[in-house]
Amino acid sequence: MSDASQQPDVTFVIAAYNAEQTLPRAIESALSQESVDVEVIVIDDCSSDGTSAAAHAFDDRRVRVIRQSRNGGPGRARNTGIAMATGKWIAVVDADDSVLPERSAVMIARAAESGADLVVDNLEVVPLGDGQHYRMFDSANLSLRKEITLTDYIDSNVIFRDTFNFGYMKPIFLRDFVLQHDLRFDESLRIGEDYVMVVSALARGGRCAVEPSAGYLYHLMQGSISRVLELHHIEAMLAADQAFLERYALKGSALAAQYRRTSSLMEARAFLVLVQAIKTRSPAGIISAAVAHPAALRHLRMPIAVRLQRLLDRSPALSRRTAARKRRLRQPG
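Predicted, not measured: the structure shown is a model, and the values here were computed from it.

Residues Phe-12, Leu-23, Ile-27 and Tyr-218 are the most contacted members of the largest nonpolar core, which totals 89 residues. Sequence-distant contacts of Phe-12, that is, excluding residues within four places in its chain, are made with Ala-30, Gln-33, Val-38, Glu-39, Val-40, Ile-41, Ala-91, Val-93, Val-99 and Ser-104.

Encoded structure:
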């Protein structure tokens, strides 16, 4: 930053929990932005490793480090960072990811061109080890999109539809818009908090411009929470969606998209219940989940489907009670 009194163009908010190995890369990439003034706010979410020391190791007045008094999850940590941000734009970066030097300037230019309140770009996926990088979204398709609408965004976040959805995108937000509409990350969520933040911004009338180039580096990490979906995550997402619907009156195509998303979440919940029943060798649980949501069966991989059929075959009583559904249960997963 050229002048201590000058408002930064971008505030980078980095929530970090036990991220001492990757955090320096994230901070360095934020500080290396070209043609813009930045500040970096690192929120240490009560880490038990050297995360705080890794952040404090940067002898740069643009970096501020806040340690939470208790672990509150990524949503709470990001809200802490947003409350302290002074930049015109707010960019959220995960502690195990990084951004290219030109990203901020390119996205701000896109916003100025379109009058947008938030901007998303493509992501460069960095696999584990020496795997080849690839773009998360088709570049040609993104080039055809000028904006992502509320309907587009909800519809993209239907569970099981694609490997990646727009919820993986990391927008930059116009700080004044965030403050004006009191937008916050949902602190009850450990997965999907980005989705709620963006969908709320769009429901408030925010315009989301699309920058087709990839400026965000999404590093695939062993055990990354965003790639491990558990039953309690689905329950929390359903509750967050219900709260969203109570807050915003959706209509038309957006409401139809929300119905599809809710249906997919309920199907995902049934699928996870089914998998748990298989793991615990509970025929009654298997039948209950399969009868309640037969569509969940199609998501089973063949090895699990074989285990399911074997369990059913070992329980003649249950097999007799479900004779009418056996044909469906035997369909390939």
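According to the stated counting rule, one finds six aromatic pairs in the structure shown. On the basis of an interplanar angle of 90° and a centroid distance of 5.1 Å, the ring pair of Phe-164 and Tyr-168 is categorised as edge-to-face. The same class applies to Phe-164 and to Tyr-168, which are both buried. Counting every residue linked through ring pairs, the aromatic cluster contains Phe-164, Tyr-168 and Tyr-218. Over the face of the ring belonging to Phe-185 we find Arg-78, whose NZ or CZ atom lies 5.3 Å from the ring centre. The positively charged end of Arg-261 is found above the aromatic ring belonging to Tyr-195, 3.8 Å away from the centroid.

As a further point, take unusual backbone geometry. One non-glycine residue, Ser-35, lies in the positive phi region at around 70°. Tracing the sequence through the fold places Ser-35 in the loop between α1 (23-31) and β2 (38-44). Its identity as a non-glycine residue notwithstanding, Asp-182 has a phi of 50°, on the positive side. Inspection of the secondary structure puts Asp-182 in the loop between α7 (175-180) and α8 (193-203). A relative accessible area of 58% means that Asp-182 is categorised as exposed.

What follows concerns the environment of Tyr-195. Position of Tyr-195 relative to the elements: it lies in helix α8. For the pair Tyr-195 and Gly-167, spaced 28 residues apart in the sequence, the C-alpha separation amounts to 5.2 Å. Beyond its immediate sequence surroundings of up to four residues, Tyr-195 is in contact with Tyr-153, Ile-154, Asn-157, Asp-241, Gln-258 and Arg-261. A distance of 3.4 Å separates polar atoms of two side chains, one belonging to Tyr-195 and the other to Arg-261.

Quick look at the environment of Gly-215 now. Secondary-structure assignment places Gly-215 in strand β9 (residues 208-219). Classification of Gly-215 as buried rests on a relative accessible area of 5%. Residues Gly-215 and Asp-121, spaced 94 residues apart in sequence, show a C-alpha to C-alpha distance of 6.7 Å. If we ignore the near neighbours within four places in the chain, the residues touching Gly-215 are Ser-98, Val-99, Leu-100, Arg-103, Asp-121 and Asn-122.

Definitions and limits used
Residues numbered from 1 in each chain as written. Predicted model: local features only at pLDDT ≥ 70, side-chain atom pairs only at ≥ 80, totals over all residues. Heavy atoms only, no water. Core = buried A, V, L, I, M, F, W, Y, C linked by side-chain atoms within 4.5 Å. Buried < 20%, exposed > 50% of the residue type's maximum accessible area, 1.4 Å probe, protein only. Contact = heavy atoms within 4.5 Å. Phe/Tyr/Trp six-rings, centres within 6.5 Å; stacked < 30°, edge-to-face > 60°. Lys NZ or Arg CZ within 6 Å of the ring centre and 35° of its normal. Helix = DSSP H or I, 4+ residues; strand = E, 2+ residues; numbered from the N terminus. Polar contact = N/O pair within 3.5 Å; in protein donor to acceptor, adjacent residues only side chain to side chain.

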